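These are the residues of each chain, in order.
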Amino acid sequence: MISGFSRLNKAAKLEMVANSFDNPEQVIAQLKSYWHNDPVKQKLFDEFSENTISNFYFPYGIAPNFVINGKKYPVPMVIEESSVVAAASNSAKYWATKNGFRSEVLSTSKIGQVHFIWKGEVEKLQALFPFLKEELYNGTKHYTESMEKRGGGIKDIELVDMTDDIENYFQLKATFETVDAMGANFINSCLEDFAHILKDHFRENEYYDGEEKNCRIIMAILSNYTPECLVKTEVECDIDCLRNAGEIENPEDFAWKFEKAVQIAKVDPYRAVTHNKGIFNGIDAVALATGNDFRAIEAGGHAYAARDGKYRSLSSIDISNGKFKYSLTIPLSLGTVGGLTALHPMARFSLKLLENPTAKQLMMIAASVGLANNFGAIKSLITKGIQVGHMKMHLLNILNSCDVNEREKKMAVANFAHKKVSYTSVKRYVDGLRKTANIENF
Ligand code: MEV
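All of these numbers come straight from a predicted model, not from anything done at the bench. (Residues numbered from 1 in each chain as written. Predicted model: local features only at pLDDT ≥ 70, side-chain atom pairs only at ≥ 80, totals over all residues. Heavy atoms only, no water.)

## Side note on the site of the ligand
For step 1, the next point in the chain: Looking at the ligand, the residues that line it are Glu81, Arg271, Thr274, His275, Lys277, Gly278, Asn281, Ala377, Leu381 and Ile386.
For step 2, the next point in the chain: Lys277 has a polar side-chain atom sitting 2.7 Å from an oxygen atom of the ligand.
For step 3, the next point in the chain: A distance of 2.9 Å separates an oxygen atom of the ligand from a polar atom in the side chain of Asn281.
For step 4, the next point in the chain: Against a free-state accessible area of 300 Å², the protein chains account for coverage of 86% of the ligand.
For step 5, the next point in the chain: Examining the composition of the shell around the ligand, we find that six residues originate from one element, helix α9 (residues 269-289), more than from any other.
For step 6, the next point in the chain: Here the residues of the shell around the ligand sort into three nonpolar, four polar and three charged. (Near = heavy atom within 4 Å. Polar contact = N/O pair within 3.5 Å; in protein donor to acceptor, adjacent residues only side chain to side chain. Areas by Shrake-Rupley, 256 points an atom, 1.4 Å probe, with all protein chains shown as cover. Helix = DSSP H or I, 4+ residues; strand = E, 2+ residues; numbered from the N terminus. Nonpolar A, V, L, I, M, F, W, Y, C, P; charged D, E, K, R; others polar.)

## Some points on the domain arrangement of the chain
For step 1, the next point in the chain: Along its sequence, the chain is carved into domain 1 (5-46), domain 2 (60-100 + 237-331 + 345-384), domain 3 (110-222) and domain 4 (390-441).
For step 2, the next point in the chain: On a C-alpha basis, the centroid separation for the pair domain 1 and domain 2 is 39 Å. (Domains from an automatic or database assignment.)

## A closer look at the side chain of His201
For step 1, the next point in the chain: You can see His201 is positioned in helix α7 (residues 184-204).
For step 2, the next point in the chain: A residue is classified by how much of its surface remains accessible, and His201, at 2% relative accessible area, is buried. (Buried < 20%, exposed > 50% of the residue type's maximum accessible area, 1.4 Å probe, protein only.)

## Quick look at the sheet that holds strand β8 (residues 230-238)
For step 1, the next point in the chain: With antiparallel pairing, the four strands of this open sheet are ordered in space as β3-β8-β10-β9. Pairing within the sheet leaves two strands with one partner each, and these edge strands are β3 (102-105) and β9 (315-320). Averaged over all pairs of adjacent strands, the angle between strand axes in this sheet comes to 15 degrees, irrespective of strand direction.
For step 2, the next point in the chain: Inspection of the sheet shows β9 paired to strand β10 (residues 323-331) by six bridges, in the antiparallel sense. Residue Ser316 lies in a different strand from β10, and its bridge partner there is Ser327.
For step 3, the next point in the chain: Here helix α8 (residues 251-267) sits on the sheet in contact with β9 and β10, set at roughly 140 degrees to β9.
For step 4, the next point in the chain: Sheet strands touched by α9: β9 and β10. Its angle to β10, the strand with the most contacts, is close to 75 degrees. (Pairing = 2+ DSSP bridges. Axes fitted to C-alpha atoms, helices over the stretch in contact; angles between N-to-C directions. Contact = heavy atoms within 4.5 Å.)

## A few points about the packing of α9 against helix α13 (residues 359-381)
Axis angle and axis distance: for two packed helices, these are the angle between their axes and the distance between the axes, and together they describe the pair.
For step 1, the next point in the chain: Contact geometry for α9 and α13: axes closest at 7 Å, N-to-C directions at 135 degrees. The orientation of α9 relative to α13 falls into the category oblique. For the pair α9 and α13, the sense of crossing is right-handed. For the pair α9 and α13, the contacting residues are Arg271, His275, Gly278, Ile279, Gly282, Ile283 and Val286 in the first and Leu362, Ala366, Ala367, Val369, Gly370, Asn373, Asn374, Ile378 and Leu381 in the second. (Parallel < 35°, antiparallel > 145°, perpendicular 65-115°, else oblique. Left-handed = near helix turned anticlockwise from the far one by under 90°.)

## Digging into the state of the cysteines
For step 1, the next point in the chain: Taken as a whole and judged by the stated rule, the model has zero disulfides.
For step 2, the next point in the chain: There is no disulfide at Cys229, and the cysteine sulfur nearest it, in Cys190, is 17 Å away.
For step 3, the next point in the chain: Owing to a relative accessible area of 2%, Cys229 belongs among the buried residues under this scheme.
For step 4, the next point in the chain: Left without a disulfide partner, Cys237 is nearest to the cysteine sulfur of Cys241, which lies 5.4 Å away. (Disulfide = S-S within 2.5 Å.)

## Focus on helix α1 (residues 10-18)
For step 1, the next point in the chain: Every buried residue of α1 is listed here: Lys10, Lys13, Leu14 and Ala18. Seen from one end, α1 has its buried residues packed into an arc of 130 degrees, which puts them on one side.
For step 2, the next point in the chain: Taken together, the buried residues of α1 touch α2 (24-33) and α3 (39-46).
For step 3, the next point in the chain: The backbone nitrogen of Ala11 lies 3.3 Å from a side-chain oxygen of the residue at the head of α1, namely Asn9. (Arc of directions from axis to C-beta.)

## Considering the sheet that holds strand β4 (residues 109-118)
For step 1, the next point in the chain: Read from one edge to the other, the open sheet built from four strands follows the order β5-β6-β4-β7, with strand pairing classed as antiparallel. Unpaired on one side and paired on the other, β5 (153-161) and β7 (215-222) mark the two borders of the sheet. Pairs of neighbouring strands in the sheet enclose a mean axial angle of 20 degrees, with direction left out of account.
For step 2, the next point in the chain: Both β4 and strand β6 (residues 169-177) contribute to a ladder of nine bridges, which runs antiparallel. Its bridge partner being in β6, Gly112 is matched across the sheet by Ala174.
For step 3, the next point in the chain: Where helix α5 (residues 122-139) meets the sheet, it contacts β4, β5 and β6, and its direction lies at approximately 165 degrees from that of β5.

## A short note on the packing of aromatic side chains
For step 1, the next point in the chain: Tallied over the full model, the rule gives 19 aromatic pairs.
For step 2, the next point in the chain: Ring geometry for Phe416 and Tyr429: centres 5.6 Å apart, planes at 80 degrees, overall edge-to-face. Here Phe416 is found in the loop between α15 (406-415) and α16 (423-441), whereas its partner Tyr429 is found in helix α16, with 13 residues between them in sequence.
For step 3, the next point in the chain: Through successive ring pairs, a cluster of aromatic residues spans Tyr94, Trp95, Phe254, Phe258, Phe324, Tyr326 and Phe375.
For step 4, the next point in the chain: Over the ring of Tyr94 we find Lys98; its NZ or CZ atom is 4.0 Å from the centre of that ring. (Phe/Tyr/Trp six-rings, centres within 6.5 Å; stacked < 30°, edge-to-face > 60°. Lys NZ or Arg CZ within 6 Å of the ring centre and 35° of its normal.)

## Some details on a nonpolar patch on the surface
For step 1, the next point in the chain: Residues Leu44, Leu340 and Leu343 make up a contiguous nonpolar surface patch of about 220 Å² in total accessible area.
For step 2, the next point in the chain: Tracing the backbone shows Leu340 in helix α11 (residues 340-343). (Patch = residues over 30% accessible without salt bridge, like charges linked within 9 Å, V, L, I, M, F, W, Y side chains within 5 Å. Salt bridge = Lys/Arg side-chain N within 4 Å of Asp/Glu carboxyl O.)

## Brief notes about the nonpolar core
For step 1, the next point in the chain: Counting 58 residues, the largest nonpolar core has Phe66, Phe258, Phe324, Tyr326 and Leu332 as the members making the most contacts within it.
For step 2, the next point in the chain: Looking at this core element by element, the count peaks at eleven residues for α13.
For step 3, the next point in the chain: Discounting residues that sit within four places of it in the chain, Phe66 has contacts with Lys71, Lys72, Tyr73, Val75, Ala88, Ala92, Phe101, Ser368, Val369 and Ala372.
For step 4, the next point in the chain: Counting residues in each nonpolar core, the second largest holds 26 residues, with Ile157, Leu172, Phe202 and Ala220 among its members. (Core = buried A, V, L, I, M, F, W, Y, C linked by side-chain atoms within 4.5 Å.)

Written out as C-alpha coordinates, the structure reads:
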(Lines give C-alpha, C1' and ligand atoms only; values in the text may rest on other atoms or scores of the structure.)
Protein backbone atom coordinates (compact mmCIF):
# COMPACT_ATOMS: atom_id res chain seq x y z
CA MET A 1 0.00 0.00 0.00
CA ILE A 2 1.36 3.42 -0.98
CA SER A 3 0.46 6.12 1.50
CA GLY A 4 1.16 9.82 1.31
CA PHE A 5 1.49 9.82 -2.50
CA SER A 6 -0.81 12.84 -2.80
CA ARG A 7 1.39 14.84 -0.44
CA LEU A 8 4.52 14.37 -2.58
CA ASN A 9 5.43 17.13 -5.00
CA LYS A 10 5.11 16.45 -8.72
CA ALA A 11 8.79 15.57 -9.24
CA ALA A 12 8.72 13.10 -6.35
CA LYS A 13 5.51 11.50 -7.66
CA LEU A 14 7.08 11.16 -11.08
CA GLU A 15 10.20 9.60 -9.60
CA MET A 16 8.23 7.17 -7.50
CA VAL A 17 6.25 5.94 -10.53
CA ALA A 18 9.37 5.81 -12.72
CA ASN A 19 11.27 3.78 -10.12
CA SER A 20 8.95 0.84 -10.68
CA PHE A 21 10.46 0.50 -14.20
CA ASP A 22 13.89 -0.86 -15.20
CA ASN A 23 14.75 2.42 -16.93
CA PRO A 24 13.47 5.19 -14.60
CA GLU A 25 15.39 8.00 -16.27
CA GLN A 26 13.92 7.23 -19.66
CA VAL A 27 10.44 6.93 -18.17
CA ILE A 28 10.80 10.36 -16.53
CA ALA A 29 12.04 11.85 -19.79
CA GLN A 30 9.13 10.30 -21.69
CA LEU A 31 6.49 11.53 -19.25
CA LYS A 32 8.07 14.98 -19.15
CA SER A 33 8.09 15.15 -22.93
CA TYR A 34 4.29 15.44 -22.78
CA TRP A 35 4.36 18.36 -20.34
CA HIS A 36 3.32 21.70 -21.76
CA ASN A 37 6.38 23.87 -22.39
CA ASP A 38 4.66 26.82 -20.72
CA PRO A 39 4.73 26.07 -16.95
CA VAL A 40 1.71 28.33 -16.30
CA LYS A 41 -0.40 26.36 -18.79
CA GLN A 42 0.92 23.07 -17.40
CA LYS A 43 -0.08 24.12 -13.87
CA LEU A 44 -3.61 24.74 -15.12
CA PHE A 45 -3.84 21.17 -16.43
CA ASP A 46 -2.24 19.75 -13.30
CA GLU A 47 -4.84 21.44 -11.15
CA PHE A 48 -7.83 19.99 -13.02
CA SER A 49 -7.22 16.70 -11.26
CA GLU A 50 -5.08 15.10 -8.56
CA ASN A 51 -1.74 13.28 -8.47
CA THR A 52 -0.93 14.45 -11.99
CA ILE A 53 2.44 13.50 -13.43
CA SER A 54 1.93 14.12 -17.15
CA ASN A 55 -0.68 14.83 -19.83
CA PHE A 56 -2.52 12.26 -21.94
CA TYR A 57 -3.00 13.58 -25.46
CA PHE A 58 -6.11 12.98 -27.55
CA PRO A 59 -6.51 14.20 -31.13
CA TYR A 60 -8.61 17.31 -31.67
CA GLY A 61 -10.35 17.21 -35.07
CA ILE A 62 -12.95 19.17 -36.98
CA ALA A 63 -16.02 17.87 -38.81
CA PRO A 64 -16.87 20.70 -41.18
CA ASN A 65 -20.14 21.27 -43.03
CA PHE A 66 -22.69 20.52 -40.34
CA VAL A 67 -25.87 22.36 -41.31
CA ILE A 68 -28.23 22.51 -38.35
CA ASN A 69 -31.46 24.48 -38.59
CA GLY A 70 -30.01 26.26 -41.61
CA LYS A 71 -26.80 27.35 -39.87
CA LYS A 72 -23.40 25.95 -40.84
CA TYR A 73 -21.03 24.73 -38.10
CA PRO A 74 -17.50 23.34 -38.17
CA VAL A 75 -17.78 20.95 -35.22
CA PRO A 76 -14.82 20.21 -32.93
CA MET A 77 -14.42 16.55 -31.94
CA VAL A 78 -12.00 14.99 -29.47
CA ILE A 79 -11.70 11.25 -30.05
CA GLU A 80 -8.97 8.67 -30.44
CA GLU A 81 -10.90 6.21 -32.62
CA SER A 82 -10.05 6.45 -36.30
CA SER A 83 -12.98 6.88 -38.71
CA VAL A 84 -15.30 8.71 -36.30
CA VAL A 85 -14.44 12.25 -37.44
CA ALA A 86 -14.36 11.06 -41.05
CA ALA A 87 -17.79 9.42 -40.69
CA ALA A 88 -19.27 12.52 -39.05
CA SER A 89 -17.78 14.75 -41.77
CA ASN A 90 -19.06 12.55 -44.60
CA SER A 91 -22.56 12.38 -43.16
CA ALA A 92 -22.60 16.12 -42.46
CA LYS A 93 -21.63 16.83 -46.06
CA TYR A 94 -24.15 14.32 -47.37
CA TRP A 95 -27.06 15.86 -45.43
CA ALA A 96 -25.89 19.44 -46.05
CA THR A 97 -27.08 18.98 -49.63
CA LYS A 98 -30.48 17.81 -48.33
CA ASN A 99 -31.40 20.73 -46.01
CA GLY A 100 -29.16 19.51 -43.20
CA PHE A 101 -30.32 18.57 -39.70
CA ARG A 102 -33.55 19.88 -38.22
CA SER A 103 -33.22 20.09 -34.44
CA GLU A 104 -35.28 21.21 -31.50
CA VAL A 105 -34.85 21.17 -27.74
CA LEU A 106 -37.93 19.57 -26.22
CA SER A 107 -37.22 20.28 -22.53
CA THR A 108 -34.42 21.44 -20.23
CA SER A 109 -35.28 20.35 -16.66
CA LYS A 110 -32.92 18.44 -14.40
CA ILE A 111 -33.64 16.44 -11.28
CA GLY A 112 -31.93 16.29 -7.89
CA GLN A 113 -32.90 14.23 -4.86
CA VAL A 114 -32.49 14.13 -1.10
CA HIS A 115 -32.93 10.51 -0.06
CA PHE A 116 -34.06 10.10 3.54
CA ILE A 117 -35.63 7.71 6.00
CA TRP A 118 -38.66 8.91 7.98
CA LYS A 119 -39.87 6.65 10.77
CA GLY A 120 -42.55 8.97 12.10
CA GLU A 121 -46.17 9.30 11.04
CA VAL A 122 -46.38 9.59 7.26
CA GLU A 123 -49.54 11.75 7.40
CA LYS A 124 -47.78 14.28 9.61
CA LEU A 125 -44.88 14.52 7.18
CA GLN A 126 -47.24 14.95 4.25
CA ALA A 127 -49.41 17.53 6.01
CA LEU A 128 -46.47 19.69 6.93
CA PHE A 129 -44.59 19.32 3.65
CA PRO A 130 -45.94 22.65 2.24
CA PHE A 131 -44.30 24.51 5.17
CA LEU A 132 -41.08 22.58 4.73
CA LYS A 133 -41.12 23.42 1.02
CA GLU A 134 -41.24 27.14 1.83
CA GLU A 135 -38.22 26.69 4.09
CA LEU A 136 -36.36 24.84 1.34
CA TYR A 137 -36.98 27.65 -1.16
CA ASN A 138 -36.09 30.38 1.35
CA GLY A 139 -33.05 28.57 2.72
CA THR A 140 -31.42 28.25 -0.72
CA LYS A 141 -32.03 31.83 -1.91
CA HIS A 142 -28.30 32.59 -1.65
CA TYR A 143 -27.75 30.07 -4.48
CA THR A 144 -30.92 30.57 -6.47
CA GLU A 145 -31.00 34.36 -6.70
CA SER A 146 -28.27 34.69 -9.32
CA MET A 147 -29.55 31.62 -11.22
CA GLU A 148 -33.03 33.17 -11.25
CA LYS A 149 -31.59 36.35 -12.77
CA ARG A 150 -30.35 34.19 -15.66
CA GLY A 151 -33.79 32.61 -16.07
CA GLY A 152 -33.22 29.45 -14.04
CA GLY A 153 -33.65 28.20 -10.49
CA ILE A 154 -35.68 25.61 -8.63
CA LYS A 155 -38.89 24.83 -10.52
CA ASP A 156 -40.50 22.44 -8.08
CA ILE A 157 -39.91 20.33 -4.99
CA GLU A 158 -41.96 17.19 -4.34
CA LEU A 159 -42.15 14.80 -1.45
CA VAL A 160 -42.02 11.27 -2.86
CA ASP A 161 -43.17 8.28 -0.84
CA MET A 162 -40.94 5.32 -1.76
CA THR A 163 -42.02 3.10 1.13
CA ASP A 164 -43.34 0.43 -1.25
CA ASP A 165 -39.75 -0.16 -2.37
CA ILE A 166 -37.80 0.37 0.86
CA GLU A 167 -39.28 0.61 4.34
CA ASN A 168 -39.61 4.25 5.56
CA TYR A 169 -37.81 5.59 2.46
CA PHE A 170 -38.79 9.05 1.15
CA GLN A 171 -37.30 11.56 -1.26
CA LEU A 172 -37.28 15.26 -1.74
CA LYS A 173 -37.34 15.36 -5.53
CA ALA A 174 -36.45 18.78 -6.89
CA THR A 175 -36.67 20.01 -10.48
CA PHE A 176 -34.07 22.53 -11.62
CA GLU A 177 -33.52 24.80 -14.60
CA THR A 178 -29.86 25.67 -15.00
CA VAL A 179 -30.04 27.60 -18.33
CA ASP A 180 -26.56 27.56 -19.98
CA ALA A 181 -24.79 25.74 -17.16
CA MET A 182 -24.71 21.97 -16.87
CA GLY A 183 -25.52 22.91 -13.30
CA ALA A 184 -24.10 20.03 -11.26
CA ASN A 185 -22.51 22.34 -8.66
CA PHE A 186 -25.59 24.53 -8.38
CA ILE A 187 -27.92 21.55 -8.01
CA ASN A 188 -25.72 19.68 -5.53
CA SER A 189 -25.21 22.81 -3.41
CA CYS A 190 -28.98 23.37 -3.22
CA LEU A 191 -29.57 19.71 -2.38
CA GLU A 192 -27.00 19.60 0.41
CA ASP A 193 -28.66 22.68 1.89
CA PHE A 194 -32.04 20.97 1.52
CA ALA A 195 -30.71 18.06 3.57
CA HIS A 196 -29.62 20.37 6.41
CA ILE A 197 -32.90 22.28 6.29
CA LEU A 198 -34.86 19.02 6.37
CA LYS A 199 -32.96 17.80 9.42
CA ASP A 200 -33.34 21.14 11.19
CA HIS A 201 -37.03 21.24 10.32
CA PHE A 202 -37.65 18.16 12.46
CA ARG A 203 -35.42 19.45 15.21
CA GLU A 204 -37.02 22.87 15.43
CA ASN A 205 -40.64 22.43 14.46
CA GLU A 206 -42.98 22.13 17.43
CA TYR A 207 -45.20 19.66 15.54
CA TYR A 208 -42.40 17.16 15.50
CA ASP A 209 -41.70 17.41 19.19
CA GLY A 210 -38.93 14.93 19.95
CA GLU A 211 -39.18 13.36 16.52
CA GLU A 212 -35.93 14.50 14.97
CA LYS A 213 -34.49 11.02 15.51
CA ASN A 214 -37.14 9.74 13.11
CA CYS A 215 -35.38 11.43 10.22
CA ARG A 216 -32.12 10.07 8.82
CA ILE A 217 -30.68 11.74 5.77
CA ILE A 218 -29.06 9.16 3.51
CA MET A 219 -27.69 11.36 0.72
CA ALA A 220 -28.29 14.41 -1.46
CA ILE A 221 -27.24 14.36 -5.11
CA LEU A 222 -28.34 15.35 -8.61
CA SER A 223 -29.54 12.66 -10.98
CA ASN A 224 -27.70 12.10 -14.25
CA TYR A 225 -30.90 10.64 -15.63
CA THR A 226 -32.35 13.65 -17.45
CA PRO A 227 -35.37 12.49 -19.51
CA GLU A 228 -36.77 16.01 -19.19
CA CYS A 229 -33.66 17.57 -20.73
CA LEU A 230 -34.37 16.28 -24.18
CA VAL A 231 -33.31 17.17 -27.71
CA LYS A 232 -34.57 15.83 -31.01
CA THR A 233 -32.71 16.03 -34.30
CA GLU A 234 -33.66 14.60 -37.68
CA VAL A 235 -32.80 14.39 -41.33
CA GLU A 236 -35.24 13.83 -44.14
CA CYS A 237 -35.18 13.36 -47.88
CA ASP A 238 -37.11 11.70 -50.69
CA ILE A 239 -36.15 8.05 -50.88
CA ASP A 240 -35.19 8.65 -54.47
CA CYS A 241 -32.48 11.08 -53.29
CA LEU A 242 -30.70 8.24 -51.47
CA ARG A 243 -29.31 7.14 -54.80
CA ASN A 244 -25.77 8.18 -53.86
CA ALA A 245 -26.00 7.06 -50.22
CA GLY A 246 -23.86 3.96 -50.40
CA GLU A 247 -22.85 1.25 -52.75
CA ILE A 248 -26.43 0.14 -53.17
CA GLU A 249 -27.64 1.32 -56.55
CA ASN A 250 -31.31 1.08 -55.77
CA PRO A 251 -32.39 3.75 -53.22
CA GLU A 252 -35.52 1.79 -52.24
CA ASP A 253 -33.36 -1.20 -51.45
CA PHE A 254 -31.04 1.00 -49.40
CA ALA A 255 -33.97 2.48 -47.44
CA TRP A 256 -35.44 -0.98 -46.86
CA LYS A 257 -32.15 -2.38 -45.56
CA PHE A 258 -31.58 0.72 -43.43
CA GLU A 259 -35.05 0.39 -41.89
CA LYS A 260 -34.40 -3.26 -41.07
CA ALA A 261 -31.07 -2.35 -39.42
CA VAL A 262 -32.79 0.18 -37.16
CA GLN A 263 -35.66 -2.19 -36.40
CA ILE A 264 -33.11 -4.81 -35.32
CA ALA A 265 -31.51 -2.26 -32.94
CA LYS A 266 -34.98 -1.54 -31.54
CA VAL A 267 -35.62 -5.16 -30.58
CA ASP A 268 -32.23 -6.71 -29.84
CA PRO A 269 -30.19 -5.26 -26.94
CA TYR A 270 -26.95 -6.83 -28.24
CA ARG A 271 -27.29 -4.84 -31.45
CA ALA A 272 -28.86 -1.80 -29.71
CA VAL A 273 -25.83 -1.24 -27.46
CA THR A 274 -23.44 -1.18 -30.43
CA HIS A 275 -25.83 0.95 -32.45
CA ASN A 276 -26.06 3.48 -29.58
CA LYS A 277 -22.30 3.31 -29.03
CA GLY A 278 -22.00 4.63 -32.58
CA ILE A 279 -24.25 7.56 -31.60
CA PHE A 280 -22.11 8.31 -28.54
CA ASN A 281 -18.97 8.20 -30.70
CA GLY A 282 -20.10 11.58 -32.02
CA ILE A 283 -21.77 12.96 -28.91
CA ASP A 284 -18.89 12.12 -26.55
CA ALA A 285 -16.38 13.64 -28.96
CA VAL A 286 -18.30 16.95 -28.96
CA ALA A 287 -18.82 16.76 -25.19
CA LEU A 288 -15.08 16.29 -24.63
CA ALA A 289 -14.13 19.06 -27.07
CA THR A 290 -16.43 21.50 -25.27
CA GLY A 291 -15.40 20.54 -21.72
CA ASN A 292 -18.61 18.66 -20.89
CA ASP A 293 -19.01 15.57 -18.73
CA PHE A 294 -19.40 12.70 -21.21
CA ARG A 295 -19.82 10.10 -18.44
CA ALA A 296 -22.96 11.85 -17.18
CA ILE A 297 -24.32 12.11 -20.71
CA GLU A 298 -23.63 8.44 -21.49
CA ALA A 299 -25.18 7.23 -18.23
CA GLY A 300 -28.33 9.27 -18.82
CA GLY A 301 -28.52 8.31 -22.50
CA HIS A 302 -28.26 4.59 -21.85
CA ALA A 303 -30.88 4.75 -19.08
CA TYR A 304 -33.18 6.59 -21.50
CA ALA A 305 -32.58 3.88 -24.10
CA ALA A 306 -34.00 1.39 -21.58
CA ARG A 307 -36.88 3.57 -20.35
CA ASP A 308 -39.61 1.08 -21.27
CA GLY A 309 -37.80 -1.79 -19.56
CA LYS A 310 -35.85 -3.01 -22.61
CA TYR A 311 -32.66 -1.47 -23.96
CA ARG A 312 -33.36 -0.13 -27.47
CA SER A 313 -31.93 2.00 -30.27
CA LEU A 314 -32.01 5.71 -29.48
CA SER A 315 -32.54 6.62 -33.14
CA SER A 316 -35.74 5.96 -35.07
CA ILE A 317 -36.62 5.49 -38.69
CA ASP A 318 -39.77 6.45 -40.53
CA ILE A 319 -40.12 5.39 -44.12
CA SER A 320 -43.45 6.43 -45.55
CA ASN A 321 -44.94 8.41 -48.45
CA GLY A 322 -41.71 8.10 -50.41
CA LYS A 323 -39.72 9.83 -47.65
CA PHE A 324 -36.73 8.68 -45.61
CA LYS A 325 -36.86 10.30 -42.17
CA TYR A 326 -34.20 9.46 -39.59
CA SER A 327 -34.27 10.96 -36.11
CA LEU A 328 -32.61 10.85 -32.72
CA THR A 329 -34.24 11.88 -29.45
CA ILE A 330 -31.87 11.87 -26.53
CA PRO A 331 -31.41 13.46 -23.09
CA LEU A 332 -28.34 15.71 -23.18
CA SER A 333 -27.44 17.74 -20.13
CA LEU A 334 -24.76 20.02 -21.58
CA GLY A 335 -23.36 23.34 -20.48
CA THR A 336 -21.65 26.23 -22.24
CA VAL A 337 -20.79 28.23 -19.14
CA GLY A 338 -19.07 27.26 -15.91
CA GLY A 339 -17.02 24.20 -15.06
CA LEU A 340 -14.33 23.10 -17.48
CA THR A 341 -16.01 25.02 -20.35
CA ALA A 342 -14.48 28.21 -19.02
CA LEU A 343 -11.21 26.77 -17.70
CA HIS A 344 -9.90 24.44 -20.37
CA PRO A 345 -8.32 26.56 -23.13
CA MET A 346 -9.32 24.09 -25.85
CA ALA A 347 -12.89 23.85 -24.55
CA ARG A 348 -13.03 27.64 -24.70
CA PHE A 349 -11.66 27.53 -28.24
CA SER A 350 -14.27 24.93 -29.26
CA LEU A 351 -17.09 27.10 -27.98
CA LYS A 352 -15.65 30.10 -29.80
CA LEU A 353 -15.45 28.04 -32.99
CA LEU A 354 -19.13 27.21 -32.54
CA GLU A 355 -19.80 30.96 -32.10
CA ASN A 356 -20.45 30.68 -28.36
CA PRO A 357 -23.61 28.61 -28.46
CA THR A 358 -26.21 28.49 -25.71
CA ALA A 359 -26.60 25.15 -23.93
CA LYS A 360 -29.69 24.51 -26.07
CA GLN A 361 -27.73 25.13 -29.28
CA LEU A 362 -24.95 22.83 -28.08
CA MET A 363 -27.55 20.12 -27.32
CA MET A 364 -28.75 20.38 -30.94
CA ILE A 365 -25.20 20.31 -32.32
CA ALA A 366 -24.12 17.29 -30.24
CA ALA A 367 -27.30 15.35 -31.05
CA SER A 368 -26.84 16.05 -34.77
CA VAL A 369 -23.26 14.80 -34.66
CA GLY A 370 -24.51 11.67 -32.86
CA LEU A 371 -27.10 11.08 -35.57
CA ALA A 372 -24.54 11.78 -38.30
CA ASN A 373 -22.16 9.16 -36.89
CA ASN A 374 -24.99 6.69 -36.49
CA PHE A 375 -26.21 7.28 -40.06
CA GLY A 376 -22.65 6.84 -41.36
CA ALA A 377 -22.21 3.59 -39.41
CA ILE A 378 -25.49 2.05 -40.61
CA LYS A 379 -24.84 3.18 -44.18
CA SER A 380 -21.47 1.40 -44.14
CA LEU A 381 -22.76 -1.65 -42.30
CA ILE A 382 -25.55 -2.34 -44.79
CA THR A 383 -23.34 -1.72 -47.83
CA LYS A 384 -19.59 -2.27 -47.90
CA GLY A 385 -19.11 -3.01 -44.17
CA ILE A 386 -17.11 -0.83 -41.79
CA GLN A 387 -13.74 -2.51 -42.01
CA VAL A 388 -12.70 -1.14 -45.42
CA GLY A 389 -12.96 2.47 -44.27
CA HIS A 390 -11.91 1.76 -40.71
CA MET A 391 -8.76 -0.12 -41.65
CA LYS A 392 -7.84 2.56 -44.21
CA MET A 393 -8.00 5.11 -41.39
CA HIS A 394 -6.27 2.68 -39.07
CA LEU A 395 -3.42 2.22 -41.55
CA LEU A 396 -1.47 5.12 -40.06
CA ASN A 397 -1.82 3.68 -36.55
CA ILE A 398 -0.49 0.32 -37.76
CA LEU A 399 2.36 2.03 -39.61
CA ASN A 400 3.26 4.06 -36.52
CA SER A 401 3.27 0.92 -34.41
CA CYS A 402 5.82 -0.50 -36.93
CA ASP A 403 8.00 2.61 -36.34
CA VAL A 404 8.05 3.51 -40.02
CA ASN A 405 9.90 6.55 -41.34
CA GLU A 406 8.21 9.16 -43.57
CA ARG A 407 9.38 7.50 -46.80
CA GLU A 408 8.05 4.08 -45.74
CA LYS A 409 4.79 5.69 -44.62
CA LYS A 410 4.27 7.40 -47.98
CA MET A 411 5.01 4.22 -49.90
CA ALA A 412 2.69 2.14 -47.68
CA VAL A 413 -0.19 4.61 -48.01
CA ALA A 414 0.17 4.53 -51.80
CA ASN A 415 0.43 0.74 -51.81
CA PHE A 416 -2.70 0.20 -49.70
CA ALA A 417 -4.82 2.80 -51.51
CA HIS A 418 -6.78 0.01 -53.22
CA LYS A 419 -5.84 -3.00 -51.12
CA LYS A 420 -7.22 -4.64 -48.01
CA VAL A 421 -5.52 -3.36 -44.85
CA SER A 422 -4.76 -5.69 -41.94
CA TYR A 423 -2.01 -5.64 -39.36
CA THR A 424 -0.39 -8.71 -40.96
CA SER A 425 -0.53 -7.35 -44.52
CA VAL A 426 0.94 -3.97 -43.47
CA LYS A 427 3.67 -5.56 -41.34
CA ARG A 428 4.58 -7.89 -44.22
CA TYR A 429 4.73 -4.94 -46.61
CA VAL A 430 6.93 -2.87 -44.26
CA ASP A 431 9.25 -5.86 -43.65
CA GLY A 432 9.48 -6.31 -47.41
CA LEU A 433 10.37 -2.64 -47.91
CA ARG A 434 13.09 -2.88 -45.30
CA LYS A 435 14.50 -6.09 -46.71
CA THR A 436 14.72 -4.48 -50.16
CA ALA A 437 16.34 -1.36 -48.65
CA ASN A 438 18.91 -3.54 -46.83
CA ILE A 439 19.76 -5.43 -50.01
CA GLU A 440 20.14 -2.13 -51.89
CA ASN A 441 22.38 -0.73 -49.17
CA PHE A 442 24.50 -3.86 -49.00
C1 MEV B 1 -17.74 1.67 -33.90
O2 MEV B 1 -17.08 2.57 -33.05
C3 MEV B 1 -19.21 2.01 -33.97
C4 MEV B 1 -20.06 1.06 -34.76
O5 MEV B 1 -19.87 -0.30 -34.29
C6 MEV B 1 -21.50 1.46 -34.59
C7 MEV B 1 -22.50 0.50 -35.17
O8 MEV B 1 -22.24 -0.69 -35.25
O9 MEV B 1 -23.62 0.99 -35.47
C10 MEV B 1 -19.68 1.04 -36.23
